[in-house]
Structures are given as C-alpha cells and as structure tokens.
Amino acid sequence: MWGMVRRELARSSGGEYVLVHQQEQHGVRQVHEDNSANGNQHRGFSMSSDDDMIDITTTGTVTERSIHYDDPGTSHLPGVTYCMGDGEVAADGDEIPGIGQYEDFHTIDWQRDIARDRMRHRYIVKRRQNSLFDLVKGAHDAWSGWVCVLLVGLTTGVVAGVIDIGASWMSDLKYGICPSRFWFNREQCCWSSNETTSFETGNCSDWLTWSEVLGQSRTGAGAYIISYLMYIAWALLFASLAASLVRMFAPYACGSGIPEIKTILSGFIIRGYLGKWTLIIKSVGIMLSVSAGLSLGKEGPMVHIACCIGNILSYLFPKYGRNEAKKREILSAAAAAGVSVAFGAPIGGVLFSLEEVSYYFPLKTLWRSFFCALVAAFVLHSINPFGNEHSVLFFVEYNNPWIFFELVPFVGLGIIGGVIAAIFIRANLYWCKYRKTSKLGQYPVTEVLIVTAVTAVLAYPNPYTRMSTSELIYLLFRKCGVTNTDDLCDYNRNFTDVKSAVDLASAGPKVYRAMWLLVLALIFKLLATVFTFGIKVPCGLFIPSLCLGAIVGRIVGIGMEQLAFNYPHIWVFSGECSTMKDCITPGLYAMVGAAAVLGGVTRMTVSLVVVMFELTGGVRYIVPLMAAAMASKWVGDALGSHGVYDAHINLNGYPFLDSKEEFAHTSLAADVMQPKRNETLSVLTQDSMTVEDVETLMKETEHNGFPVVVSRESQYLVGFVLRRDLNLALAQARRAVEGLRPSSLVLFTSNSPQQPPQPGTPAPLLLKNILDMAPITITDQTPMETVVDMFRKLGLRQTLVTHNGRLLGVITKKDVLRYVKQLDNEDPNSVLFN
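Note that the structure is predicted; figures quoted are calculated from it, not measured. (Residues numbered from 1 in each chain as written. Predicted model: local features only at pLDDT ≥ 70, side-chain atom pairs only at ≥ 80, totals over all residues. Heavy atoms only, no water.)

> Explanation requested: the overall build of the chain in the structure shown.
When its secondary structure is counted, the chain shows 27 helices and 20 strands. Out of the 834 residues belonging to the chain, those deemed buried represent 57%. When contacts within the chain are restricted to residue pairs at least 6 apart in sequence, long-range pairs at least 24 apart make up 68% of them. (Helix = DSSP H or I, 4+ residues; strand = E, 2+ residues; numbered from the N terminus. Buried < 20%, exposed > 50% of the residue type's maximum accessible area, 1.4 Å probe, protein only. Contact = heavy atoms within 4.5 Å.)

> Would you take a moment to explain the nonpolar core for this structure?
A general trend in soluble globular proteins is that nonpolar side chains are found buried together. Counting 141 residues, the largest nonpolar core has Y464, F477, L546 and M612 as the members making the most contacts within it. Residue contributions to this core peak at 12 residues, all from helix α18 (residues 542-566). Mapping this core onto the domain boundaries places at least three of its residues in each of domain 1 (156-383) and domain 2 (404-642). Aside from chain neighbours lying at most four places away, what touches F477 is F394, V396, Y398, A550, R554, G587, A590, M591, A594, M612 and T616. Counting residues in hydrophobic clusters, the runner-up holds 22 residues, among them F656, F791, L796 and V820. (Core = buried A, V, L, I, M, F, W, Y, C linked by side-chain atoms within 4.5 Å. Domains from an automatic or database assignment.)

> Hey, could you run me through the packing of aromatic side chains in this one?
Any aromatic ring pair is given by two values, namely how distant the centres are and how the planes are angled relative to each other. Counted by the stated rule, this structure contains 20 aromatic pairs. Over the face of the ring belonging to Y175 we find R186, whose NZ or CZ atom lies 4.7 Å from the ring centre. Sitting over the ring of Y460, R466 keeps its end group 4.3 Å from the ring centre. (Phe/Tyr/Trp six-rings, centres within 6.5 Å; stacked < 30°, edge-to-face > 60°. Lys NZ or Arg CZ within 6 Å of the ring centre and 35° of its normal.)

> Teacher, can you tell me more about the sheet that holds strand β12 (residues 684-685) here?
Pairing in this open sheet of 3 strands is mixed, and the strands run β12-β14-β15 from one edge to the other. The two strands at the open ends of the sheet, each matched to only one other strand, are β12 and β15 (717-722). Pairing of β12 with strand β14 (residues 705-709) involves 2 bridges; the strand directions are parallel. When the sheet's bridge partners are listed, L684 is paired in β14 with V708. The sheet contacts of helix α25 (residues 723-736) involve β12, β14 and β15, and relative to β15 the element is tilted by about 75 degrees. (Pairing = 2+ DSSP bridges. Axes fitted to C-alpha atoms, helices over the stretch in contact; angles between N-to-C directions.)

> Is there a simple way to think about a positive patch on the surface in this case?
The grouping of R118, R122, K126 and K364 at the surface amounts to a positive patch. Ranked by residue count, the leading element in the positive patch is helix α1 (residues 110-127), at 3 residues. As for its placement among the helices and strands, K364 is situated in helix α12 (residues 363-383). Overall, the relative accessible area of 35% leaves K364 in the partly exposed class. (Patch = residues over 30% accessible without salt bridge, like charges linked within 9 Å, V, L, I, M, F, W, Y side chains within 5 Å. Areas by Shrake-Rupley, 256 points an atom, 1.4 Å probe, with all protein chains shown as cover. Salt bridge = Lys/Arg side-chain N within 4 Å of Asp/Glu carboxyl O. Lys, Arg positive; Asp, Glu negative; His and termini not counted. Charge placed at Lys NZ, Arg CZ, Asp CG, Glu CD.)

> Even after reading the chapter, I still don't get the state of the cysteines, so can you show me in this structure?
The bond known as a disulfide is covalent and runs between the sulfur atoms of two cysteines. For the structure shown, the criterion picks out 1 disulfide. For C432, which is in no disulfide, the shortest distance to another cysteine sulfur is to C539 and amounts to 9.0 Å. Unpaired in this structure, C539 has its nearest cysteine sulfur neighbour in C254, at a distance of 7.5 Å. Classification of C539 as buried rests on a relative accessible area of 1%. (Disulfide = S-S within 2.5 Å.)

> Help me understand the sheet that holds strand β20 (residues 806-812) in this model?
With respect to topology, 3 strands assemble into an open sheet ordered β18-β19-β20, the strand pairing being mixed. With one partner strand each, in any of the chains shown, β18 (777-779) and β20 form the two edges of the open sheet. On average, adjacent strands in this sheet sit at an angle of 35 degrees to one another, irrespective of strand direction. Sheet topology note: the β18/strand β19 (residues 798-803) ladder contains 3 bridges and is parallel. Residue I778 lies in a different strand from β19, and its bridge partner there is V801.

> Any chance you could explain helix α14 (residues 444-459) here in plain terms?
Residue pairs three or four apart in sequence face the same way in an α-helix, which turns once every 3.6 residues. Relative to the 22 Å expected for 16 residues at 1.5 Å per residue, α14 spans 22 Å between its end C-alpha atoms, a close match to the ideal helical length. Among the residues of α14, P444, V445, E447, V448, V451, T452, T455, A456 and A459 are the ones counted as buried. Buried residues along α14 cover an arc of 160 degrees about the axis, so they all sit on one side. For α14, the exposed residues lying more than 90 degrees away from the buried face are I450 and L458. Structurally, α14 contributes buried residues whose contacts are with α5 (221-249), α13 (407-437), α15 (463-466) and α17 (509-532). (Expected span 1.5 Å × (residues − 1). Arc of directions from axis to C-beta.)

> What is the right way to read a nonpolar patch on the surface from this model?
Residues M248, F249, W277, I280 and V284 make up a contiguous nonpolar surface patch of about 500 Å² in total accessible area. Every element with two or more residues in the nonpolar patch is listed here: α5 and α7 (276-291). Considering every element that reaches the nonpolar patch, the biggest residue donor is α7, with 3 residues. Relative accessible area serves as the criterion here: at 44%, I280 is assigned to the partly exposed category.

> Looking at this structure, how should I read the side chain of T156?
Note on placement: T156 falls in helix α2 (residues 132-172). The exposure class assigned to T156 is buried, which follows from its relative accessible area of 0%. Aside from chain neighbours lying at most four places away, what touches T156 is A306, I309, A337, G338 and V341.

> I tried to follow the pattern of salt bridges on my own but got confused; where do I start?
Close approach of charged atoms allows side chains with opposite charge to pair. For the structure on display, the rule yields 23 salt bridges. Across the pair E324 and R328 runs a salt bridge, and its minimum N-O distance is 2.9 Å. With a gap of 4 residues between them, E324 and R328 both fall in helix α10 (residues 324-343), about one helical turn apart. Judged on exposure class, the residue E324 and its partner R328 are both buried. Between E329 and R368 there is a salt bridge, with its nearest N and O atoms 3.9 Å apart. With E329 in helix α10 and R368 in helix α12, the pair connects residues that are 39 residues apart, well separated along the chain. The exposure class assigned to R368 is buried, which follows from its relative accessible area of 10%.

> Can you help me understand the packing of α13 against helix α22 (residues 644-652) in this one?
Two quantities define a packed helix pair, namely the angle between the helix axes and the distance between the axes. Axis separation between α13 and α22 bottoms out at 11 Å; the angle between their running directions is 25 degrees. By the angle between their directions, the pair α13 and α22 is classed as roughly parallel. The interaxial crossing formed by α13 with α22 has right-handed handedness. Along its contact with α13, which presents F424, I425, N428, L429, C432, K433 and K436, the element α22 presents V644, A647, H648, L651 and N652. Residues that form the contact of α13 with α22 fall into these classes: 7 nonpolar, 3 polar and 2 charged. (Parallel < 35°, antiparallel > 145°, perpendicular 65-115°, else oblique. Left-handed = near helix turned anticlockwise from the far one by under 90°. Nonpolar A, V, L, I, M, F, W, Y, C, P; charged D, E, K, R; others polar.)

> Is there a simple way to explain the confidence of the model for the chain in this structure?
Regions with low pLDDT carry predicted coordinates that are not meant to be interpreted in detail. For the chain, mean pLDDT is 80; residues scoring 70 or higher make up 81% of the total. Segment residues 1-95: pLDDT under 50, and 244 contacts once partners within four positions in sequence are set aside and those in other chains are kept. (pLDDT = per-residue confidence, 0-100.)

> I'm lost on the pairing of β14 in this one. Help?
Looking along a regular strand, one sees the side chains alternate between the two faces of the sheet. For β14, the tally of buried residues reaches 5 of 5 residues, placing the bulk of the element in the interior. With burial as the criterion, each face of β14 is covered, one bearing G705, P707 and V709 and the other bearing F706 and V708. Here β14 pairs with β15 via 5 bridges, running antiparallel. If you follow G705 over to β15, its bridge partner there is L722.

> Mind showing me how you'd approach the environment of A373 here?
As for its placement among the helices and strands, A373 is situated in helix α12. In this structure the C-alpha to C-alpha distance between A373 and V339, which are 34 residues apart in sequence, comes to 8.1 Å.

> Any chance you could explain the environment of L726 here in plain terms?
Structurally, the position occupied by L726 is in helix α25. The exposure class of L726 is buried, given its relative accessible area of 0%. Between the C-alpha atom of L726 and that of G705, which follows or precedes it by 21 residues, the distance is 8.7 Å. The residues contacting L726, other than those within four sequence positions of it, are L684, V694, M698, V721, F748, L767 and I770.

> Explain unusual backbone geometry here, please?
Residues apart from glycine generally show negative phi values, whereas peptide bonds are mostly found in trans. Geometrically, the link from Q674 to P675 is a cis peptide bond, its omega value of -5 degrees lying close to zero. With respect to the helices and strands, the residue P675 is situated in the loop between α23 (669-672) and β12. At F105, a position not held by glycine, the phi torsion is positive, near 60 degrees. Its identity as a non-glycine residue notwithstanding, Q715 has a phi of 60 degrees, on the positive side. With respect to the secondary-structure elements, Q715 resides in the loop between β14 and β15. Residue classification places Q715 among the buried residues on the basis of a relative accessible area of 14%.

So, in structure tokens, the structure goes:
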C-alpha cells in the first residue's frame, strides 16, 4: 500500500496532456505518467527522496520524468520548475546564480543556512556507497573544515611574522639606520657588536643615528635637533602613506575591526570588509601606523587580518564559502588565530573568540579554533620575529610569591583601571561623534597628519613616550637586575652576587624622576589614544590599554616597595619582608595594572586573565589578575554599560543583538510586529496572483521577504519567500521561458490547476521550491522577552506572528533592535540596515 499519491497535470513534448502520479513509500519515491491521448503508460524509476537530480527521458510522445530534490548544495535552494505552453521545463536551482545568498547590509538566516548544510551532508552520506569518487568526495567533505582552519593558521602565522618584522624595522628607521646591513633593525644590528644597549638610548657603534649619518656627533644640541626633526619627518611619512592607502584602496581597512567582526559573526553581511584588498592594505597599513609612533597597537587589527584570511580561504571549500552560517565557524577560528599570533597566546585566543567576538560557537568550532590558534602560534614561533626563545615581546618570569595583603592594592588597581577605562570610552565616543557630525570627518588624511604631528612633537622629549609602546610595556614589566641601567632601577643596592636574591633598598633620585616622567607619559598616552582610536588608519587598542595600566601599576608597585622598605615591621610586611629580601615586585603590579585597564576597556574577564599569563609567563599570579579583572569590570559596568567595542557598534548603528544583555520589559509580540493591527499586511497568495501582481507588490514595498498565505480572506500561512530569491527566480524565468507573460499565474504550491489550461492561456510559473515551508512562527501573545531570546539563540532573521493559525504580522531583527533602543531612550532610527 503506497503511503502517498500525488497527481499533477502536465504536457508531453508532443502537446498531449499526461497525468503524473507521484507515489511515495518508506522514503522512496516513484513517478508514473499516463498518456491520456495514446493510452500508453510508462513507469519512471525509483530513487531516494534525498537524491538531487532531474531526469527528463522522452519516449515517443511521452515524457518520462523523475523529479527529485536538486543538490541541496552549498549556496542554492532547491530548483525552480517552469510550466510552459509547449511542455514543462524543470530548471535546477543551481542554474540561478545567487539563490540563497544575501545582499549587502542584510542579516543572514541562520536556521535556513544550517538546514541547507544538513541537507547537503545527508545527500553526500547517502552517495558515499555508490562509487569510489563519492567516497572520496565524502571524506573530503568531512575533513574540509580541519583543512581550512589548518590553512588559515599557517597563513595567519606567516602574515603576522611579516608584520612584526616589518613594523620593528620601520619603527627603528625614525632613529637611525644600520649601514652595514640596512635591513636589520636596531636590536639585530647591535647583536654583532656584542654591546649592551639601554632602552633609553638603544644605540651601539654599528647603529648610526640620523645625526651621525648627516655628519654630526651622536650627542649634543645639534644632534638632538636633527634626531627630533627626522623623528617627526618619518612619522609623518609613514602616517600619510597609511592614510592614503586606506582611502584609495580599502576604506574598510581603518580602525581595529573588532566591532565589525563581532557584527559579522552575529550574522550581518558587510561585503568587502573581509576581502583581499582589505587584507593587503590592513597588513601594510598597520606596519606604517605603528611605525609612525601613533598611540595604537597592531594586536587588535590582527584579528581583522586573520578573519580576512579565513574568509578568503573559505572559498576554496564551497561547504563554507557558499554558506554564510558555516563560514562563520571558520571566522571564529580565524579570530582565535589572530589573538594567538598577536600575543603568543593560543589558549587565550580561543577564549577571546568564545567570550568576546563569536555569536555562534558550537563544540566543533571550539576544537577547530584551538587547532587553528595552535598552528598559527607554531608558525609564528618558527619565524621568531622577536629574535628570542619566546613568541612574545613581553615575556618576563617572576619567582617571588605574592603576599596575601597585596590583594588590596591589586583590587585597587582594578578600580583605578575601571575608572581610566570609563574616562577613555566616554571621551573617545564624544570625539568620534564630533568627527562624524563635523567637517573634520570630510578630511580624514588631514586629521591623521595633524594627530601624527602633534603626537611626534610631544612624544619625543619624554624618553618613555619616544620609545615604542611595546618596549615601554616590557620595560615596565621587567624586574630590575644587575645589568639594568634605566632610571627605574636606580636603587641603592650593593650587587655583589648576581645569583643571590635582590635586597629591598631605598629608591634613588632617578627613580623619582622616572616616576614623574611616567605620570606625564600616562596623561599624554591617555589623551593621544582618545584622539587616535578611530582615525582612518589601522589602529588597535590592546597595546595602548596595556601601556596605560602598566604605567599606573609600576608607580603603585614602586610605592608599595618603598613602603615595605621604610616600614618593614608593620604587621602586613612583618612576615615576608622582615628579612629585607625582595618581597615586593613592582613589575607584577605593572602586569596587574595592565590587565585592569584592558579589562575595563574591553570588559574581558576569563580570556583576559589567560592572555595575560600566556603573554608574560606569570602563571602563579592568576589570582591577582582575576581580582583586578573582576574589579575593573564591575567599576566599568557601573560607570558605563558598554565596553569600547560594543560602544562603537552602537555608535555606528550596526544591527548587533548582544546575547549578554537581559530584556526585562513586559511587552508582547503584538506590540512590536509590523504592520499594526489596523494596517494591511503585504502578502503573496499561493495560487491566485499573476507575475504582474507579484512585480507590482515588490515595486510598491521595500520588504526583504513576503509571507505566502492560502488566500487573502483566510490568511492561513503557507510559507515565507525572500525578496531576493523571488527577484532572481522571476529574472531567470524571463530568460528561460518563452511563453511567460504578465498574466501567468505564480504558484507556490505543487497542486496544478483543477482544469487544464485553455489554448492560448499562459501556463503557470511554479515557484514552490524557493518557498520556505517551515518558517519560525509565534503567537501574538508571546512575551517579547521570549522573542528576543529566540532571535539571539536561534539567529533569526524574522519570525511570523499568528493568531489561531491566521497570519497577523512579521517581526524582523530590525524591529527588535529598534524596539530595544526605543525602550532604552535611544534613537531607534540609528540602526544601520539597507
């Protein structure tokens, strides 16, 4: 007994009508055709319901046809069938370019893309037993994800190594050149001379400053003026090149990119943001920007660069390149690789991707992100851009345990870090809003040159702002030893045995001079970062934030150290510091302070702690880092609801629905749905509209999709069709179907008309296969808290509102975002949608 029988009227190639019987039992479909005119009957062949082929076999005047689902492949929906006056032509959906894809500045439909991938996977699994080729194809599909993230990790590691080497070399060009080997930076040039260089001068006999190159001495007023002018000139050259490249070739290459990456990973489409030109210009531009001495870092943009690599390489694997939801799994792994090569912290990179940027993070993405970050870190370590045994510049190793009482200053550093972060975010947002609304935004290159000139002029006199930010952080992190000549290590110590523990000692006058210079550097760095972050060059925020916190931490650490030296018998110091050994480590305070400010700026917690101990090697100081990170987050949340990346997402109006926020408003779906109860809903009917009616509806409305109902009177829901897919299907029909007329019926159902078409009547156009037969629906009484939760967790593009099965309206992601902003007393029209 057959489980289902379906009958359709069609025409054979000779013009006779044939009755098509489609029978299905146990998942196997058979197709029979009766030729009414000739009395002949032909039986089609059997196949699985998941096969993806359209076979048309003609025997005499009889068309023997077996119609199945087309390849549920990577980018297209099932095919579109066209009924013509001289026979029925079945067109495979893969012949319509763009079906199932998305326009620029639109939101993807996670559920539809994931369902399409599952259909494709089931099809491949079923075909594996057919032939060796299908078996190899199935194995390739199973391993394509791992191969893709492997390539992403390898490429990201190589690109990061090139950026690190190039930025280091160009940064040192501001100070001088290595005449014997001009491609060496200052540190490499001094390796062969076996001379010890200080952070303040950093020079050796093999390295010539620009005053020496121009025939002057190394020291003196004339040498200082020449070095000063060359510093400014190189900075302006690098900055102008970076800004010009961004403006001419890749406008999306400016900024850090993390706000946009978060938005893209949440399901938004920004064409070109992860393209090849953005990758090239961002890689070159970040080297130029860092070399210009601006208050920015290259670590944040490394996440954008890695995601560009992931996007480009995903197109080698159609499983990912032509499915937007699957592609975001690769982008999440690429973001982890970006942080891995930026800080040499593969585990921290995985947690950063999970905590900060990713929206959809299944377990297999966690494994692949871990693998991708591991490969990227291994490649970078093999390149060894920093010239040491570690893959990071800030690696330090402390051996002293911390005192329990030190949790108090550590928490205090967290509070200070949260306050500094809140001040920075508010000031930077104010300046960015001013830039957008004033004439300043019309001259981006001029703004870059002004900021660079002011930064270079004010930075050079202070040795702590003259050096690169990465060198300053390492200087603040490290522990004073025998060979340190910097002012921060001017203690009255008697170094007799290098291997013995360093005793507590009183600070010399140079230490207090260095502390005043650090205070000036703190103020300067804070102001410079406010005006720098957001200009039209690649710029990151991780390194400036770490620098601000490290300066505060080092000052507090020196204060605690001198307190322990002068009052060793206070009960809090009586145990560990009574022997006058080095019980207080100022570098540890710098590390904790750096984590505090970075945590306050970004609101990172778990990933921040892991990144910090991977970055510095200070595994035993996890508890101080955790205390400072939590205190910083609490203070930052109290003074401002968003971190800097979320704040810039709101500023730019990106449609990002944060999964961390709670929706506590007591409203119903009926309050948010469009249209309202007294307005008319734009719908398509399943079998009563002509091609002209459909085209008129699309001209009169701007909706991105239309519900399909049984009839306007009943309003019972049939499905949902996207505007883009409908446009593409109609355009393809005009090219492929000769008899298509404006009066042709458009059918979103498999049921043919009850009566055969009369001679001269145009045959209907069947578009059922571009119809989503299972759209997500809710009732009008569903609480909006539940609706918002569905949009967040299911990644919905829209949901349909019904009442007793009758369609009432539609709620889109745009409607939800605007409603949330309206309840928060913000401008609902600031959400960016096409």
